[in-house]
Amino acid sequence: MSLATAVQTATVFTETVHARELPMETWVYGLIALVIFAALGFVVASYRDVANRHSAKAAAYAARHTGDEHGGH
């Protein structure tokens, strides 16, 4: 098979392939991705500053458990 025949065969095959229709418009895929990323961003942002939400409880715990006694631990 020569190079010219291979190129012609490839050209014929690519011209006969039909594009498949998408089930929805292309911009809808972008909108879906945007909504998913926004929801994931909200979940990540909800964990922001979690350690400081209970700083009073942490300070009280640290005050009770200072010193050399381990309280049976």
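Rules behind the numbers
Residues numbered from 1 in each chain as written. Predicted model: local features only at pLDDT ≥ 70, side-chain atom pairs only at ≥ 80, totals over all residues. Heavy atoms only, no water. Helix = DSSP H or I, 4+ residues; strand = E, 2+ residues; numbered from the N terminus. Buried < 20%, exposed > 50% of the residue type's maximum accessible area, 1.4 Å probe, protein only. Areas by Shrake-Rupley, 256 points an atom, 1.4 Å probe, with all protein chains shown as cover. pLDDT = per-residue confidence, 0-100. Patch = residues over 30% accessible without salt bridge, like charges linked within 9 Å, V, L, I, M, F, W, Y side chains within 5 Å. Salt bridge = Lys/Arg side-chain N within 4 Å of Asp/Glu carboxyl O.

**Re the overall build of the chain**
At step 1: Within the chain, the secondary structure is distributed over 3 helices and 0 strands.
At step 2: Scored against the burial criterion, the 73 residues of the chain give a buried share of 1%.
At step 3: Put simply, the chain shows about 7,200 Å² of open surface, and 66% of that area lies on carbon and sulfur atoms.

**As for the confidence of the model for the chain**
At step 1: The pLDDT averaged across the chain works out to 79; a share of 66% of its residues lies at or above 70.
At step 2: Within the chain, no element has a lower average pLDDT than helix α1 (residues 3-16), which sits at 63, and none a higher one than helix α2 (residues 26-46), at 96.

**Quick notes on a nonpolar patch on the surface**
At step 1: A cluster of nonpolar side chains, namely L22, M24, Y29, I32, I36, F37 and L40, defines an oily patch on the protein surface of about 670 Å² accessible area.
At step 2: Assignment of secondary structure puts I32 in helix α2.
At step 3: The partly exposed category is assigned to I32, whose relative accessible area is 37%.

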